[in-house]
Amino acid sequence: MKDTVSTESGTETEITVEEPEVQNGSICHDHHTSQIEELETSETATLIDDNNVTPQETTVSKPVVPKPCCPGLGLFYAFCSCFFFSSAALCVKLISRDNPMNPLEITLVRHIITGLCILPAMIYLKVPILAKPGQRMILTLRGLAGATALCFSYYAIQHMPLADAAVVIFSSPIFTGIFGRLCLKERYGLFDILLTFVTFAGVVLIARPPFLFGGGDASYGSTEHLLATGSAFLTAMLSALAFIVMRKSSAGLGIHYLVQIMFLSIIGTIESVIVLAIMRGFTLPPCGIDRYYLIAVGLGGLVGQIFMTKSFLYEKAHAVAVVRTMDIVFAFVFQFLFLSNVPTWLSVGGAILVASGTVGLAIKKWYISSKANSKK
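Since we're looking at a predicted model, the values are computed, not measured.

**Some remarks on the packing of aromatic side chains**
Applying the stated criterion across every chain, the model contains 13 aromatic pairs. When the ring of Phe 83 is compared with that of Phe 334, the centres are 6.2 Å apart and the planes differ by 75 degrees; the resulting orientation is edge-to-face. Taken together, the positions of Phe 83 in helix α1 (residues 73–94) and Phe 334 in helix α12 (residues 326–338) put the pair 251 residues apart, joining distant regions of the chain. For Phe 83, a relative accessible area of 35% gives the class partly exposed. Of the residues examined, Phe 334 reaches a relative accessible area of 8% and is grouped as buried. Seen from their ring centres, Phe 175 and Phe 200 are 5.8 Å apart, and the 50 degrees between their planes marks the pair as tilted.

Structure below.
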């Protein structure tokens, strides 16, 4: 843009002013997290609308989103996150298989490892560890839902086949749509209802309640298996609720994703310690490989969370959602290779239905997004 400035001598000089280039910000979430990059303000900045690069009177400048060094990098990060999340779930299954460790104890160790690992990064980046006063309430609510969901997921993994637990937990996006309608008044049409029924049908094939499937298979339909299925179901619901809470309130709060992870660790640690103190206290597994599995749970979950955050930085949410179906594939492969448990055809059918519901939801979002962009 050119401007004209008059000098003291009366001559006019043309000055070229370059318009700043703006790249859209991004919102990221993981198995249980949502990233919203913190906005930096300056006195002389210009406000740029996210979708329409139009200067306005006041401004907030957003951090520049780096471009991937190669195509598909975000999808590769999503694939890696699936591998590490599934590996952490496998380690939960392997810990004291004959006498499963209390899932609250596993959750406590996971939160402590996560907090200790990200603390140096927060100090280096000068990110407030305990968040800002206006952010703490929403982070506490999200932390309670996320930490409770993690504990329920570990119980489900311990007491039902690994792949079955992964499939039921994977139904979380369907609950996100339902809660979005109830809490945020978002649109929930006939196609969403159809996908919900497809997903629930897949969950029923995995749970196999006796009143529908009889009692032919002792391992399915038992009280323990139904409780584990219910725990996985609650995990999916609480994960969706945590995401809705963050989506409702943190878009205007600018909460850094490291603050979200740290708050989840703090709330999860406090919750686990209180419940364990009421129950019977904390007991480490016997010396040996179980303790290495326990450390691997914490590290695997943390690395998976980092990869998931990076994937949403470079890729659209609906594309990442499709790649996340690899969670189910890894669970079936690990169950067969490391646990010597051959999946049943009903479990495979249930997995296909649940994955179809999630992928269908991602395709719908992609279609709506493409249609909206074509009108611009």
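That covers the picture; the talk isn't over yet.
**Concerning the pattern of salt bridges**
Within this structure, the stated rule accounts for 2 salt bridges. Residues Asp 192 and Lys 364 are paired through a salt bridge, measuring 2.6 Å at the closest nitrogen-oxygen approach. Remark: Lys 364 occurs in helix α13 (residues 345–374) and Asp 192 occurs in helix α6 (residues 190–207); sequence separation between them is 172 residues. Assessed through its relative accessible area of 6%, Asp 192 is described here as buried. The residue Asp 327 makes a salt bridge to Arg 324 at a minimum N-O spacing of 2.6 Å. You can call Asp 327 buried: its relative accessible area is 10%.

**With respect to the state of the cysteines**
All chains considered together, the criterion is met by 0 disulfides. With no disulfide of its own, Cys 82 has Cys 80 as its nearest cysteine by sulfur position, at a separation of 9.1 Å.

**Quick look at the side chain of Ser 311**
Residue position: Ser 311 is located in helix α10 (residues 289–314). When its relative accessible area of 0% is taken as the criterion, Ser 311 is described as buried. Ignoring anything within four residues of it in the chain, the contact list for Ser 311 reads Gly 74, Tyr 77, Ala 78 and Val 320.

**Some points on a nonpolar patch on the surface**
The grouping of Val 329, Val 333, Phe 336, Leu 337, Phe 338 and Val 342 at the surface amounts to a nonpolar patch, some 570 Å² of accessible area in total. One can find Val 333 in helix α12.

**Remarks on the confidence of the model for the protein chain**
When pLDDT is averaged along the protein chain, the result is 77, and 76% of the positions lie at 70 or above. At the level of individual helices and strands, the protein chain shows its lowest average pLDDT in strand β5 (residues 40–41), which scores 34, and its highest in helix α2 (residues 103–125), which scores 93. Here residues 5–64 is a poorly scored stretch, pLDDT under 50, and it has 117 contacts once near neighbours within four places are set aside; other chains count.

**Here's the deal with unusual backbone geometry**
The backbone of Lys 126 shows a phi angle near 60 degrees, a positive value even though the residue is not glycine. Along the polypeptide, Lys 126 turns up in the loop between α2 and α3 (136–159). Phi at Ser 340 takes a positive value of approximately 55 degrees, unusual for a residue other than glycine. As for its position among the elements, Ser 340 is in the loop between α12 and α13.

Parameters and conventions
Residues numbered from 1 in each chain as written. Predicted model: local features only at pLDDT ≥ 70, side-chain atom pairs only at ≥ 80, totals over all residues. Heavy atoms only, no water. Phe/Tyr/Trp six-rings, centres within 6.5 Å; stacked < 30°, edge-to-face > 60°. Helix = DSSP H or I, 4+ residues; strand = E, 2+ residues; numbered from the N terminus. Buried < 20%, exposed > 50% of the residue type's maximum accessible area, 1.4 Å probe, protein only. Salt bridge = Lys/Arg side-chain N within 4 Å of Asp/Glu carboxyl O. Disulfide = S-S within 2.5 Å. Contact = heavy atoms within 4.5 Å. Patch = residues over 30% accessible without salt bridge, like charges linked within 9 Å, V, L, I, M, F, W, Y side chains within 5 Å. Areas by Shrake-Rupley, 256 points an atom, 1.4 Å probe, with all protein chains shown as cover. pLDDT = per-residue confidence, 0-100.

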